[in-house]
Amino acid sequence: MRKVTCVASDAGGTMTDMFFVDEEGNFVIGKASTTPRDEFIGFWESMKDAAEQWGIDLEKESQKVLPSVEVISYAGTTMMNVLLTRLGDKIGLIVTKGQEDHLMHGRGRQSYAGYSYDDRLHTASHIHEPPLVPRRLVKGVTERVNMFGEIVIPLYEDEARQVVEELLEENVNSIAVSFLYSYLNPENERRMREIAQEVMKGRDREVPILLSSEISPIMREGSRINAVTLQAYGAEPVRKQLLSMEKRLRERGYKYPLQILLSTGGIARITYPRLIEAFFSGPIGGMMGARAISQTVGIPNLVCTDLGGTSFDVGLIIGGEYFYLREVEMGRMLFNIPTVWMDSIGGGTGEYIRIDPVTKRLIVGPESAGAEPGPVCYNMGNTIPTVMDCMLIMGWLNPNYYLGGKLPLHTKLAYDAIKEKLADPLGLDPYEVAEGAVNILSNRTREEVRTRLFARGLSPADFHLLIYGGAGPLLMAEISRGLPFKGIFTVWWAAAFSAFGVAGMDHIHRYNRSTSIYVPHGAGPEEKMRAGEILNEIWEDLEKIANKDLDEEGIPKDQRKFQQVAYLRYFLQLDDVETPSPVNRIKSPEEWDGLINSFEEIYSNVFGEGAKQPEAGYQILEAGLIATAPRVKPALRKRPVSGESPPQKAYKGRRRVFYHGEWHDAKIWEMELLEPGNVVEGMAIIEQPATTLVVPPDRKVRVDEWGFLWMYER
Amino acid sequence: MEARTEVKRRGICEGGLTLKELREKSDRLLQETGYYWGLKELPLKEKEPITYELIFTRLFSALIAAREKAKAVAASPLVREVAEHLTAIYTPEGDAVLQSTGIQVHTYIGQRTIEWMIYNNYEEEVGINPGDIFGCNDNAIAGMHPADVFDLLPVFYDGELVAWVTNVIMEPEIGAIGPGGCMPVANTERFTDGFRVCCEKIGTDYKLRKDFEWRVRFQLRNPDMFLLSRRAALAAIKTVHDEIINAIDEFGLDKFRQFIREVIEESRREQISRVKTRTVPGRARNVFVGEYYLKDLPILPYHRMDMIRIVPMDVIIQEDGKIVIDCDGAGAWGWHSMNVYPMGMEGGLSISLVHMFAYDGKANRGTMIPTELRLPRDTLVNPTTIALPTANCWSTVLSFYGLFMHCISRSLYSRGFREEIIGHGGGMHLWEIGGKDQYGREPYGFFMSDAACCEQGSAMGIRDSPDVAQEVYTTEPDMGSIEVWELTYPLLYLARNCAEESASPGRFRSGRAAYGIYMVHKTDKLLVSAIPLSPRRKILPNACMYGGYPGLNAYVNLYYDTNIKELIEQKKPIPTKLYEILKLVKFRKMEVLKPTGMGSELMKEGDLIEANYQAGSGGFGDPLDRDPWRVKKDLDDLVISPEIAKKVYGVECYWDENAREWRIDEEKTRQLRQQYKQERLRRGIPTKEWWRKERKRILNKDIPSLLVEMYQSSSAPHRGERWFKEFKEFWALPEDFTF
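These numbers come from a predicted model, not from an experiment.

Looking at the domain arrangement of chain A
Here is step 1 of the chain: According to the domain assignment, chain A contains domain 1 (4–80 + 239–275), domain 2 (82–234), domain 3 (351–440) and domain 4 (507–629).
Here is step 2 of the chain: Placing the centre of domain 2 of chain A and that of domain 3 of chain A at their C-alpha centroids yields a distance of 45 Å.

Encoded structure:
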């Protein structure tokens, strides 16, 4: 029997994708519907589907198969549902007195967070989401730390006892604590926890106490309150679900802890204290996969694009690594949780198409038909055309091969809806309108890619474009058109690429600590060395913490790698730049200068030479450490290259396809049967049960030795 | 010395036209045809709609990217924390085309800056070349107040000027007279209004000029922050500049030119269409009242006087979709910082149109074409001298346009678009500080802007307004973070919360207002100065709609020599709610900061400031019509007390200890509401009776002298002939009646 060594999942809102890897690094993918009420059901079904590809009946043979699995990891967007549906735990929140209304008024920015451009400008549409904690369960305690981290008002311990009593009286299941500047000085928060524990001991009732200084020790109190609140409100209930999932996997033969993907890009056991980091990890599995490809194949700079039914995600890999955001917007709230940067934009193929009654403009999105009711062609009751309906009538999609034929698509319904709702009112041909709508979507996605590059002062000429997601290969030519990328490619497992990414994860932990360093312009060697010593001390401390964590996880010492970082800015600036230190300790003024040079190089690349202001001096308010260690992962292997002509078995026949205002007689190919070296000339369609690659007349696609599909101009 | 030979150049615009010729051509085509650029048809949009959208998306994406870039470079929390900036594209002759999100009040003002350069022949006299950066913050040229600084970059393609890109950032310190140096009230001439960049060339070759940098360093209290703002602006405008070039490379210059003109004409048509679709033709009226108490201020003796001014507004919606705002009857300007030049009034109108009609990203010159502002000369809103300061012009503009939106809301309501109503946005009592900061830096000045960036919203037509999440001058308000603001000022927040009972009652209530309690920290030298952004003072504006109630008044109180440190040492309660200072703290002196006043003493460590920032916006509809379920929710959320539930909303409620929530007694509520309505009828008097009484007072001039002077100012024939005629008609006054 084949020995499965690694299992990775990506549970989306509608489908749970599974990725099985064997001891030789071979892999297969599985899919099943997500089951939000009990995620394990969908998770297990998806595992069975993947196992089936290798002829394994997991239901019967799990006790033989799962003991050999070294890691099962979980990632998913479904955790976000706890936040979006407000179905979390009953918790209490304790804040610095005078801030009790924070969750009610949030920040003005949260009243339009996540909105489309039109709605951001449309004041009448702004609204705050209901708070995660009812106002009655938010309590204030007198205390205060100032901007220098000094305690100006000590914790009022009587008040602290009183509010804990009140919250316990209300039967809260946990208590979150967030005080001002606790990221600089956590003393008051820690004392608050001790008092809460004393009170609980007296009442013989214990609930977890979570501190913002431990969950999210980063500046900006609003995002920190949100983070610790969500940890208590959502992460702890989710942990219970994950523990139950782990228990059931163990009952079926799995021997190790279940792992989760974190927004920081690492994986961790489900007992990991800052489980909130797993909430935001949904879209980033793909970034992990892209990084694996980047590092294995040797493509340092990648623009990663993930196009699905409801969203379009864009991220960057530069020099084999991705970027981080330290404050993210999720579920219309702000959280200061370090997260691999990937922008999620409305823009999937499920977007509705309408005509603006006033301007007569063709409007694509932003709302999407989602999985229910789905596009018109699903025949599940929707009558408003979507982009996918357009692609179907244009012949891009095969009505009998969607999800391998499991879901038949109704072309006539789609055509009628496009004609009646769009083409007739505009006096245009239905196919012309369909193509226009597809172009608007593809143009928007292309502009998003361009914007992400331009905002950072980068040029497509330095990047390869990797396209994935079920719908990505459909618009492969269009997303890249006019952008001079070095190369454009996708993979046959594009539809389960995020799960692939999760399977390919290394252990990565990030550690940050606040500090306060200022070195003026023209500083002497002593000032530079003083700054260096502060950094060295922090890095040393963080390495101790990292080693302790990695010891607990059983990572051998010789496999550990540490990267020291400093967050540099010109004095007075409010944003900083994550700057990897060229050395692990600063031992001379020249090495300090080396760090400054690294910062200024990154800074001027992004913002331009004219934006530099060294006269202001340099400031560091945070330093960090990135600890990594390798892990078993799917092997990307080269295969022998055969001739340019694809094998006959890959040829599926011909289909009429509408492209650039004309009908073409396109050849249809089966994606998984193409072999390295094969070239497919446009106009052609390359199909796979979960994805479709459109090759326009002016393009051709070549399969390389890794099995990647590269698109070129003919 | 060798004589230089001047070569007469051709114009820098398309077809060799000069900028002035292009401007005149645009104006002539509009005047002759009624269509922007004479565009009766929109060939690119109609025949190549996809290309049209492609260019739009391309330019718009660049604007968004640019805005984000600026945020990362800036040092001012106003940019990074609450995004008080904007990037925009203009035609070569200065018409607004597209803009990013942000403080869109400035979109139209950028146009006036470019026009200034055109009419002053910068093309030849100053030179407009690729890579030149121009700066402007002079409101006599264009702009609201000096704190708003424009950076402008011309975009050339094959030697032709094809567009302008601008960025505007609000600065928290602008070198004005102290304390604060941003929006001082002790400021009665333009010469104390702050650092001026009078539409000058401040950079070349995409870099700031060294001489400009030196001028900044010599004239501002915080030059590094100001210069980083310029660098942030430069990062933004260069990004858009490059992307325009790329777009022209891809689509061709002709299509780009066609697009920027068609998008303006499209917006003109959309504006007309939206007004016709959503409103009812007719006239809605309101009046702005400004109170200026300057008698006791440390200003030039000949400017020390109190005065009240009104600016009446007739908002006329014409059948052809045009909106006219007639301010006939506006009072005279004065030697204070609350005057507004017409460009500022245009800015206010342009952002109001974005709020109410043009929120699709294409608000531009075209949106403003079917509007007309009638501002009588020699008034608060159209002064006759450029010598006036305008630091606090927002005092007038915020409330004026809040009331304008109130008028438009009434028209929307009449047409059934209740969901579009946003009403009047209240006002704020802000302040700025000067002296020494917590790092020991002196001189120091900063504008206390967190609450300015986000005020309570007025009630909407179909629901309550969110707390602390509305603003007239931007559609994207935000208060930012305490932990960021405190890095910039020597104060500790003891509280930043929503004020109790601050939601203005109504069938739908307003959002709640923010308040702050501060302890002066790590300084012994701090002076507070008021920023009067339309706080309610003695005369309430008509902010409520259809029977809604007004909310709280705004105030700032200063407490000197307090015992707060002792209280902390003894772990006794300290104030975290409004009015608690009076109950909990001992102090030597308490002072109410007048809306146009200054602290009388320096503040130091341990002194307290209590700021109830926001003047209540109005409620919508009769509170007795409020769904009791909403009242219950407000009780559960601690928004109102049971007393208010009963007294104002007529709701009888009780606390359910088991369910841990409030319950409504429906029968008692019905009876109580019935009883209140009958009491109202008993209290009321016939309108005619009220009218007779008031008329008598007018005839006898039985009104305060400040108001007599106010009426005299407004009824001067050159300011308010029509207004005064209507005034006399309404009150049936004799033809020869005067004030």
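There's plenty left to go through after this.
Points about the pattern of salt bridges
Residues and elements named next belong to chain B.
Here is step 1 of the chain: Evaluation of the coordinates by the stated rule reveals 129 salt bridges over all chains.
Here is step 2 of the chain: Across the salt bridge formed by Arg365 and Asp95, the nearest N and O atoms sit 3.2 Å from each other. With Arg365 in helix α11 (residues 365–368) and Asp95 in the loop between β1 (85–90) and β2 (96–99), this residue pair connects regions lying 270 residues apart in the sequence. This pair shows no difference in class: Arg365 is buried, exactly as Asp95 is.
Here is step 3 of the chain: The partner of Glu661 in a salt bridge is Lys632, and the shortest N-O contact between them spans 2.7 Å. Taken together, the residues Glu661 in strand β22 (residues 661–664) and Lys632 in helix α16 (residues 628–636) connect sequence positions 29 residues apart.
Here is step 4 of the chain: Three or more residues joined by partner-sharing salt bridges are found here, namely Arg283, Arg285, Asp314, Lys322, Asp326, Glu372, Arg374, Arg722 and Glu726.

Section: the interface of chain A and chain B
Here is step 1 of the chain: Counting from both sides, the interface comprises 78 residues of chain A and, opposite them, 100 residues of chain B.
Here is step 2 of the chain: At the boundary of chain A with chain B, total buried surface from both sides reaches about 7700 Å², with 56% on carbon and sulfur atoms.
Here is step 3 of the chain: The largest share of the area that chain A buries against chain B comes from Tyr117(A), Leu121(A) and Arg361(A), three residues that together contribute 9% of it.
Here is step 4 of the chain: Among the salt bridges present, the one from Arg144(A) reaches Glu486(B), with a minimum N-O distance of 2.2 Å.
Here is step 5 of the chain: At the junction of chain A with chain B, the criterion picks out 39 residue pairs in polar contact (both at pLDDT 80 or more).
Here is step 6 of the chain: Of all elements in the fold, only α4 (102–105), α5 (117–121), β8 (151–153), α9 (221–251), α13 (430–455) and α17 (589–607) of chain A reach the threshold of two or more residues within the side of chain A that touches chain B.

Considerations on a nonpolar patch on the surface
Residue and element names in this part refer to chain B.
Here is step 1 of the chain: Taken together, the side chains of Leu582, Met590 and Val592 make up a nonpolar region of the molecular surface, amounting to roughly 260 Å² of accessible area.
Here is step 2 of the chain: Secondary-structure assignment places Met590 in strand β18 (residues 587–593).
Here is step 3 of the chain: Assessed through its relative accessible area of 31%, Met590 is described here as partly exposed.

A few points about the sheet that holds strand β2 (residues 15–22) of chain A
Residues and elements named next belong to chain A.
Here is step 1 of the chain: Pairing within the open sheet is mixed, and its 6 strands lie in the order β3-β2-β1-β4-β11-β12. Of all the strands in the sheet, just β3 (27–33) and β12 (267–269) have a single pairing partner and so form its edges. Shown here is a sheet whose adjacent strand axes are inclined to one another by a mean of 25 degrees, direction ignored.
Here is step 2 of the chain: In this sheet, β12 lies alongside strand β11 (residues 259–261) in antiparallel orientation, the contact comprising 3 bridges. Looking across to β12, one finds that Gln259 is bridged to Arg269.
Here is step 3 of the chain: Its contacts with the sheet place helix α1 (residues 39–53) against β1 (4–11), β2, β3 and β4 (71–74), and it is angled at close to 145 degrees to β3.

Quick notes on the sheet that holds β2(B)
Here is step 1 of the chain: Pairing in this open sheet of 7 strands is antiparallel, and the strands run β2-β1-β5-β4-β3-β6-β7 (chain B) from one edge to the other. Lying at the two open borders of the sheet, with one neighbouring strand each, are β2 and β7 (207–208) of chain B.

Things to note about the domain arrangement of chain B
Residue and element names in this part refer to chain B.
Here is step 1 of the chain: According to the domain assignment, chain B consists of domain 1 (14–94 + 123–267), domain 2 (474–621), domain 3 (623–683) and domain 4 (687–730).
Here is step 2 of the chain: A separation of 29 Å is found between the C-alpha centroids of domain 2 and domain 3.
Here is step 3 of the chain: Summed over both sides, the interface of domain 2 with domain 3 buries roughly 990 Å², with 51% coming from carbon and sulfur.
Here is step 4 of the chain: Taken as a group, Glu501, Arg507 and Arg509 account for 49% of the area that domain 2 buries against domain 3, more than any other trio of residues on that side.
Here is step 5 of the chain: Here domain 2 is connected to domain 3 by 1 salt bridge.
Here is step 6 of the chain: Arg509 serves as the salt-bridge partner of Asp634, at 2.9 Å between the closest nitrogen and oxygen.
Here is step 7 of the chain: Counting every contact that joins domain 2 to domain 3 gives 4 residue pairs in polar contact (both at pLDDT 80 or more).
Here is step 8 of the chain: Class assignment of the residues belonging to the side of domain 2 that touches domain 3 gives a composition of 4 nonpolar, 3 polar and 4 charged.

Definitions and limits used
- Residues numbered from 1 in each chain as written.
- Chains lettered and ligands numbered in written order.
- Predicted model: local features only at pLDDT ≥ 70, side-chain atom pairs only at ≥ 80, totals over all residues.
- Heavy atoms only, no water.
- Domains from an automatic or database assignment.
- Salt bridge = Lys/Arg side-chain N within 4 Å of Asp/Glu carboxyl O.
- Helix = DSSP H or I, 4+ residues; strand = E, 2+ residues; numbered from the N terminus.
- Buried < 20%, exposed > 50% of the residue type's maximum accessible area, 1.4 Å probe, protein only.
- Contact = heavy atoms within 4.5 Å.
- Buried area = accessible area lost by both parts, 1.4 Å probe.
- Polar contact = N/O pair within 3.5 Å; in protein donor to acceptor, adjacent residues only side chain to side chain.
- Patch = residues over 30% accessible without salt bridge, like charges linked within 9 Å, V, L, I, M, F, W, Y side chains within 5 Å.
- Areas by Shrake-Rupley, 256 points an atom, 1.4 Å probe, with all protein chains shown as cover.
- Pairing = 2+ DSSP bridges.
- Axes fitted to C-alpha atoms, helices over the stretch in contact; angles between N-to-C directions.
- Nonpolar A, V, L, I, M, F, W, Y, C, P; charged D, E, K, R; others polar.

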